[in-house]
Amino acid sequence: MIPVLELHDLCVTLRQHRRAIELVKGVSFSVHAGECLGVLGESGSGKSMSIKAAMGLLNKSFLVSGSARFQGEELLGKSAEELRRLRGGKVGIVLQNPMTCFDPLYRIGQQISETFLAHNSWSADEIRNRSLALLEKMQIRNPEEVLEKYPHQLSGGMLQRIMIGIATSMEPALLVADEPTTAIDAITQFEILDELIRIKRDANTAMIFISHDLDAISRVADRIVVLNQGQVVDQGDFDHILHHASDPYTKLLVEKRADVMRRYCQVLQGKERNYA
Amino acid sequence: MKRYVIRRLLLAIPLLLAISFVCFVFINIIPSNPAEVALRVQQMPVITEEAIAEMEVMLGLNKPFIVRYFDWVLGCLHGDFGINYVNPARTVAGELARCLPATLQLAAVSFVIVLVLSVPIGFLCAVYKDGWFDKIMRAIIFISTAMPAYWVGLLLMWGISVKLDLLPTNGSGTWQHLILPSFTVALSYISTYIRLIRNNMLENMNQDYVLYANVRGLPQKSIMVKHILKNSMHTCIVAMGMSIPQMIAGTIVVENVFSWPGLGTLCISSIFNRDLPVIQTYVLLIGVLFVVFNLVFDVLQTVSDPRLRKED
């Protein structure tokens, strides 16, 4: 079976003031349909950079080499127009910071419909029906009112759900979630993760979940790739990462997380004792 | 919104009083006697002490300073801005009304030139950042910002009117007369706005909403025009609005270079003739224009930005 997305020896170099800085140093991984790949790593490890490079979202000062295949087709070297058609269509991407991702000057309905129009030639009625269906599917109450709202009038969790709704509305073969839970509170985070799991199960979508949060990744990912300083340092399922990690960086990440969890549990138990 | 506008207008009253008072004080510091200057301009052959005293009584200059100021302010409230010292048959209001249309015409044409040139050039500079177009425009901006308006005016007059004989050197009447003065006024504003729009757009390009628009696969043209340009223009609105009264006030030098019969020319001759009421009223008028345009464009920005708008 051909993987939905396959990166092979992907390198990204930033040319700046006649210096070349290597940001991603030969990253390789792949994701199949119906599978969720978790990409773990701290900020600056090249997680988002690799995906942006594959999707043509970097500007000209970045030099991308290696190979990135989507459903067997090479993406690097494709024209800007071909990549544009892919983005928002067959590849849905969800970003972090939903509060700043929508244009503040346009209503939510206008931003949904412009996305539809960029990929299809639907009539105004069809766009409206599909927009309402999208919001309903994301369990947003009063979808008619929400279409008329400006981004600043909605909460971060709602905007995040709308973003996921837009990304999945074109029935993508690949859904990339780039730290979708960093900017929202714990309860919304939980719901958003549930939403993603449901999408993966129902639509057999290949999913890449980028995060530095072990907790979130453990809930959704079937397989995990650990990135550090632009290189893949470890990969395997969650159990492997947790107990048999060979790489010192991965071990450190897990230990730190475990420490935090232990402290958290102690505080919780202490509280319970106080209440009792 | 209504309460906001009323409050702003009420706040403008002490501001205008302060402006007019300071102006009044400064004009009265000028050492020469306006009555004597008026007689001289009226070409009185022998100026005697009696004649000056008579003129002072006629113009009300014999009264104390504060009394004269409040007389003038009270007159203004009745729409009476005083009489022309040099030619007492003419009222100040009449003089300003005579000269205002020419200045408004000049300022309006300049503003249109500024809009038509700076928005597309600023846009293209941002889109093709560091390309040949951007580099050439930046060099032109650099040079034109450094050139004072009266010199640019003289250069254009020499090059286009005298050497090439394409347009009239001075005066007014036809649209050909308008081109050189309005372009001279517009030039410095064009450079400012090209830079403002270019930098605003470049700043906006790094915003999350642009990345997300790309992520959704929107066409580049739509991202540039519908999203980046619109958001950039937004922050320019107030600056552009404030440049309208600046243009009306700032035509003084250019009007004199091109002998344009507007407020600027009137103001300069009034200063030479010590025609106090005209200078006073001119300064007040410009003050009012600044206050009004500032308010109008603040309101416009509130209306056009959904984040500032209060949904009723």
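The structure contained in this document is the topic of the report that follows. (Residues numbered from 1 in each chain as written. Chains lettered and ligands numbered in written order. Predicted model: local features only at pLDDT ≥ 70, side-chain atom pairs only at ≥ 80, totals over all residues. Heavy atoms only, no water.)

## Section: the overall build of chain B
Next up, step 1: Within chain B one finds 12 helices and zero strands.
Next up, step 2: Listed by position from the N terminus, the elements making up chain B come as α-α-α-α-α-α-α-α-α-α-α-α.
Next up, step 3: Over its C-alpha atoms, taken along the principal directions, chain B stretches across nearly 85 × 60 × 30 Å.
Next up, step 4: Within chain B, contacts between residues separated by at least 24 positions form 74% of all contacts whose residues are at least 6 apart in sequence.
Next up, step 5: Accessible area of chain B: about 16,400 Å², with a carbon and sulfur share of 68%.
Next up, step 6: Taking the average place of the 23 positive charges on the side chains of chain B and the average place of its 19 negative ones, the gap between the two points comes to 14 Å. (Helix = DSSP H or I, 4+ residues; strand = E, 2+ residues; numbered from the N terminus. Contact = heavy atoms within 4.5 Å. Areas by Shrake-Rupley, 256 points an atom, 1.4 Å probe, with all protein chains shown as cover. Lys, Arg positive; Asp, Glu negative; His and termini not counted. Charge placed at Lys NZ, Arg CZ, Asp CG, Glu CD.)

## Let's talk about the overall build of chain A
Next up, step 1: Per the secondary structure count, chain A includes 11 helices and 10 strands.
Next up, step 2: Computed over C-alpha atoms, the radius of gyration of chain A comes to 20 Å, within 12% of the 19 Å expected from 2.2 N^0.38 for 276 residues, which places it in the range of a compact globule.
Next up, step 3: Taken along the three principal axes of its C-alpha coordinates, chain A extends 60 × 55 × 45 Å.
Next up, step 4: Within the span of chain A, comprising 276 residues, buried residues form 49% of the whole.
Next up, step 5: By sequence separation, contacts in chain A at least 24 residues apart represent 68% of the contacts at least 6 residues apart. (Rg over C-alpha atoms; globule rule 2.2 N^0.38 Å. Buried < 20%, exposed > 50% of the residue type's maximum accessible area, 1.4 Å probe, protein only.)

## Things to note about the pairing of strand 9 (residues 223-228) of chain A
Residue and element names in this part refer to chain A.
Next up, step 1: A large share of strand 9 lies buried, amounting to five of its six residues.
Next up, step 2: Taken together, the four bridges between strand 3 (residues 36-40) and strand 9 define a ladder with parallel strand orientation. Bridged to V39 within strand 9 is V225.
Next up, step 3: For strand 9 and strand 10 (residues 231-236), the ladder comprises five bridges, and the chain directions are antiparallel. Pairing of N228 across the sheet is with Q231, part of strand 10.
Next up, step 4: Following strand 9, the chain reverses through two residues before pairing antiparallel with strand 10; Q229 in that reversal takes a positive phi of roughly 45 degrees. (Pairing = 2+ DSSP bridges.)

## Some points on the sheet that holds strand 4 (residues 62-70) of chain A
Strand pairing within a sheet occurs via backbone hydrogen bonds; the two strands may be parallel or antiparallel.
Residues and elements named next belong to chain A.
Next up, step 1: The strand order across the open sheet built from four strands is 2-1-4-5, with neighbouring strands paired in antiparallel fashion. Each edge of the sheet is formed by a strand with only one pairing partner; in this case those strands are strand 2 (19-31) and strand 5 (73-74).
Next up, step 2: Summarising the sheet, strand 1 (residues 5-16) and strand 2 pair through 10 bridges and their orientation is antiparallel. From the neighbouring strand, R15 faces strand 2, where its bridge partner is A20.
Next up, step 3: Against the sheet, helix 1 (residues 47-54) touches strand 1, strand 2 and strand 4, its axis set at about 100 degrees to strand 1. (Axes fitted to C-alpha atoms, helices over the stretch in contact; angles between N-to-C directions.)

## Quick look at the sheet that holds strand 3 of chain A
Residue and element names in this part refer to chain A.
Next up, step 1: Spatially, the six strands line up as an open sheet ordered 6-7-8-3-9-10, and their pairing is mixed. At either margin of the open sheet sits one strand with a lone partner, and together these are strand 6 (91-94) and strand 10. Averaged over all pairs of adjacent strands, the angle between their axes in this sheet comes to 20 degrees, without regard to strand direction.
Next up, step 2: Strand direction decides the pairing type here: strand 3 and strand 8 (residues 206-211), joined by five bridges, are parallel. Considered in strand 8, the bridge of V39 is made with I210.
Next up, step 3: Its contacts with the sheet place helix 8 (residues 186-203) against strand 3, strand 7 (174-178) and strand 8, and it is angled at close to 155 degrees to strand 8.

## Quick word on the state of the cysteines
Should the sulfur atoms of two cysteines be covalently bonded, the bond is a disulfide.
Next up, step 1: With the rule as written, the count across this model stands at zero disulfides over all chains.
Next up, step 2: The thiol of A:C101 is not disulfide-bonded; the next cysteine sulfur, from A:C36, is found 20 Å away.
Next up, step 3: For A:C101, a relative accessible area of 1% corresponds to the buried category.
Next up, step 4: Free of any disulfide, B:C236 has its nearest cysteine sulfur in B:C125, 14 Å distant.
Next up, step 5: Note on B:C236: relative accessible area 0%, which makes it buried. (Disulfide = S-S within 2.5 Å.)

## Section: the packing of helix 10 (residues 220-257) of chain B against helix 12 (residues 276-304) of chain B
Residue and element names in this part refer to chain B.
Next up, step 1: The contact between helix 10 and helix 12 brings their axes to 9 Å, and the two run at 165 degrees. Here helix 12 runs roughly antiparallel to helix 10, going by the angle between their axes. In this structure, helix 10 crosses over helix 12, and the sense of that crossing is right-handed. Contacts between helix 10 and helix 12 involve H234, I237, V238, G241, M242, I244, P245, Q246, I248, A249 and I252 on the former and, on the latter, Y282, I286, L289, F290, F293, N294, F297, D298, Q301 and S304.
Next up, step 2: Split by residue class, the contact of helix 10 with helix 12 holds 14 nonpolar, six polar and one charged. (Parallel < 35°, antiparallel > 145°, perpendicular 65-115°, else oblique. Left-handed = near helix turned anticlockwise from the far one by under 90°. Nonpolar A, V, L, I, M, F, W, Y, C, P; charged D, E, K, R; others polar.)

## Description of the interface of chain B and chain A
Next up, step 1: On the chain A side, the residues contacting the 22 residues of chain B number 25 residues.
Next up, step 2: Summed over both partners, the interface of chain B with chain A buries about 2,300 Å², with 59% contributed by carbon and sulfur atoms.
Next up, step 3: Three residues stand out in chain B for area buried against chain A, namely B:Y212, B:V215 and B:R216, and they jointly supply 30% of the buried area on that side.
Next up, step 4: The tally of links between chain B and chain A comes to two salt bridges.
Next up, step 5: Among the ionic pairs, B:R216 bridges to A:E114, the shortest N-O distance being 3.4 Å.
Next up, step 6: Across the chain B-chain A interface, the total number found is 15 residue pairs in polar contact (both at pLDDT 80 or more).
Next up, step 7: Listed by contribution, the elements that provide at least two residues to the side of chain B that touches chain A are helix 9 (208-215) and helix 10 of chain B.
Next up, step 8: Its residues placed into classes, the side of chain B that touches chain A shows seven nonpolar, seven polar and eight charged. (Buried area = accessible area lost by both parts, 1.4 Å probe. Salt bridge = Lys/Arg side-chain N within 4 Å of Asp/Glu carboxyl O. Polar contact = N/O pair within 3.5 Å; in protein donor to acceptor, adjacent residues only side chain to side chain.)

## A word on helix 2 (residues 34-41) of chain B
All names here are of chain B.
Next up, step 1: Listed as buried for helix 2 are P34, A35, V37, A38 and L39.
Next up, step 2: Tucked inside the fold, the buried residues of helix 2 contact helix 3 (49-59), helix 11 (263-272) and helix 12.
Next up, step 3: In the stretch just after helix 2, Q43 is the one whose phi turns positive, near 60 degrees.

## What about the pairing of strand 6 of chain A?
All names here are of chain A.
Next up, step 1: Neither face of strand 6 is left uncovered, since the one carrying V91 and I93 and the one carrying G92 and V94 both have all their residues buried.
Next up, step 2: Two strands pair when backbone bridges link them, and strand 6 and strand 7 are joined in this way by four bridges, in the parallel orientation. If you follow V91 over to strand 7, its bridge partner there is L174.

This is a description of form; function is not addressed.
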